[in-house]
Amino acid sequence: MTMTQSAFEVVVMALCPEDHLRRFCEYYLDQGAARIHVYHDGPPDFATNDPRIAMTICDDAFWQDLDMERPFGVEERQRCVYRQAYARCHATWLLIVDIDEYVFGPAPLDTLLGTVDDKSDCVRFTSAEAVYCASDAVTCEFGASLFRLPMERHFSPLLARLIYGIRGGLFTRGLLGHSRGKQAVRSGNAALVIDIHDAGISASETIRFDATEHCGFHLAHYDAISFQCWAAKCADRLSRGDAQEMGRKREHQLQLFAACRSEDEREHLFRRLYALSPWQARLLERLGLLVKRPRALEDQGGRPIGSFADQALRSSPDLTIGQKLDA
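Model, not experiment: these values are computed from the prediction. (Residues numbered from 1 in each chain as written. Predicted model: local features only at pLDDT ≥ 70, side-chain atom pairs only at ≥ 80, totals over all residues. Heavy atoms only, no water.)

**Some points on the overall build of the chain**
For the chain, the count of helices and strands is ten helices and 15 strands. The buried share among the 327 residues of the chain stands at 52%. In the chain, the share of contacts with a sequence separation of at least 24, taken over all contacts with a separation of at least 6, comes to 72%. Taken as a whole, the chain presents about 15,700 Å² of accessible surface, with 51% of it coming from carbon and sulfur. (Helix = DSSP H or I, 4+ residues; strand = E, 2+ residues; numbered from the N terminus. Buried < 20%, exposed > 50% of the residue type's maximum accessible area, 1.4 Å probe, protein only. Contact = heavy atoms within 4.5 Å. Areas by Shrake-Rupley, 256 points an atom, 1.4 Å probe, with all protein chains shown as cover.)

Okay, here's the thing in structure tokens:
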């Protein structure tokens, strides 16, 4: 990496509230991102003047400029915007994540990516799924204080059933979301084929650096930002039907949500899936499958950053998301 080239940029396709986008951008700018490519999957009601945030609206005109119809499946839309952002990336690395995913580790992300050897094509980050302990409020956005880690593949079905009972069959390697993690890809390689969780080079072997195994970095995945956000996400996926590559277990989760007849039933299901009892937390911790919320995801008072209960504490003169657009 040359002295004038930044370590990394970020790309995300979002359809989210303004405060979630603000939190996401604040975090990665603090981690040293030179630029954040935000592709908003439909017109937002807010704008940004921050030159480090490239906001692209994925409206009909956007897809027409790409000489294609808007893909129905959200996964195919993601692939399209990731590839465009990759072509526009001027940094050494492009980090590909979702709006609810935060890479964390023992050092800032730009420090890690600035020291990866020139031979690596991708840097991998294993998932760490946010879960609530008994003292956490499930209504607090980003309030989960624990993260569960993927289980060993062969023993995970039995172990998940032991820990989560009848709901154990919903888990893949002990997680409800994806266990594959995400990646940063080296820019400037025309042969690199970018997918949602992986990237590859068809003509040669892709060299991947495992930042979790070698450097202790993880991908914090807030699969359930709060009970209310989770319920809204489930309802939205059921109504849109455009998440086409979720897999059988994820579809079963949505079916269970749809079968709930009241808010109390939905919250009960949520707690069975995303809240750990004391004995569950102790067992996962003893097995090395549970970590506490890292300091990088907390403010100076030890509270989860970005919940915006005290938004004034997180206001930044450099981050100017929030100018409401005229109706």
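**Observations regarding the packing of helix α8 (residues 248–259) against helix α9 (residues 263–274)**
Here α8 crosses α9 at 150°, and the two axes come no closer than 8 Å. With respect to each other, α8 and α9 are oriented roughly antiparallel. Facing Arg 250, Gln 253, Leu 256, Phe 257 and Ala 259 of α8, the residues of α9 in contact are Glu 265, Arg 266, Leu 269 and Tyr 274. Looking at the contact of α8 with α9 residue by residue, the classes come out as five nonpolar, one polar and three charged. (Axes fitted to C-alpha atoms, helices over the stretch in contact; angles between N-to-C directions. Parallel < 35°, antiparallel > 145°, perpendicular 65-115°, else oblique. Nonpolar A, V, L, I, M, F, W, Y, C, P; charged D, E, K, R; others polar.)

**Some details on the nonpolar core**
Core analysis: the largest hydrophobic core is formed by 78 residues, its most contacted members being Phe 8, Phe 24, Tyr 28, Leu 95, Leu 109, Phe 125 and Trp 230. Residues Cys 80, Tyr 82, Val 185 and Ala 199 belong to the second largest nonpolar core, which totals 23 residues. (Core = buried A, V, L, I, M, F, W, Y, C linked by side-chain atoms within 4.5 Å.)

**Some words on the layout of surface pockets**
Quantified by volume, the largest pocket comes out at close to 1,400 Å³. Along the wall of the largest pocket there are 50 residues; nearest its centre are Asp 98, Asp 100, Lys 233, Arg 237 and Arg 250. For the lining of the largest pocket, the elements supplying multiple residues, two or more each, are β1 (8–14), α3 (74–88), α7 (227–240) and α8. Sort the elements by how many residues they give to the lining of the largest pocket and α7 lands first, with seven residues. (1 Å grid on protein atoms, 1.4 Å probe; cavity = no way out; pocket = protein on both sides within 12 Å on 5 of 7 lines; lining within 4 Å. Points joined across faces, edges and corners; volume = space filled by probe spheres on them.)

**Concerning the environment of Ser 187**
Mapping Ser 187 onto the fold places it in the loop between β9 (182–186) and β10 (192–194). On the basis of relative accessible area, Ser 187 is assigned to the buried category, the value being 18%. Along the backbone, Ser 187 and His 90 are 97 residues apart, and their C-alpha atoms lie at a distance of 7.5 Å. Contacts of Ser 187, omitting those with residues within four sequence positions, involve Tyr 86, Cys 89, Ala 91 and Thr 92.

**Quick notes on α8**
Over its twelve residues, α8 runs 17 Å from end to end, which matches the ideal 16 Å to within 8%, given 1.5 Å per residue. Looking only at α8, the buried set comprises Arg 250, Gln 253, Leu 254, Leu 256 and Phe 257. Here the buried residues of α8 occupy an arc of 155° about the axis, which is enough to place them on one side. Relative to its buried face, α8 has exposed residues pointing more than 90 degrees away, namely Arg 248, Gln 255 and Ala 259. On its buried face, α8 is in contact with α7 and α9. (Expected span 1.5 Å × (residues − 1). Arc of directions from axis to C-beta.)

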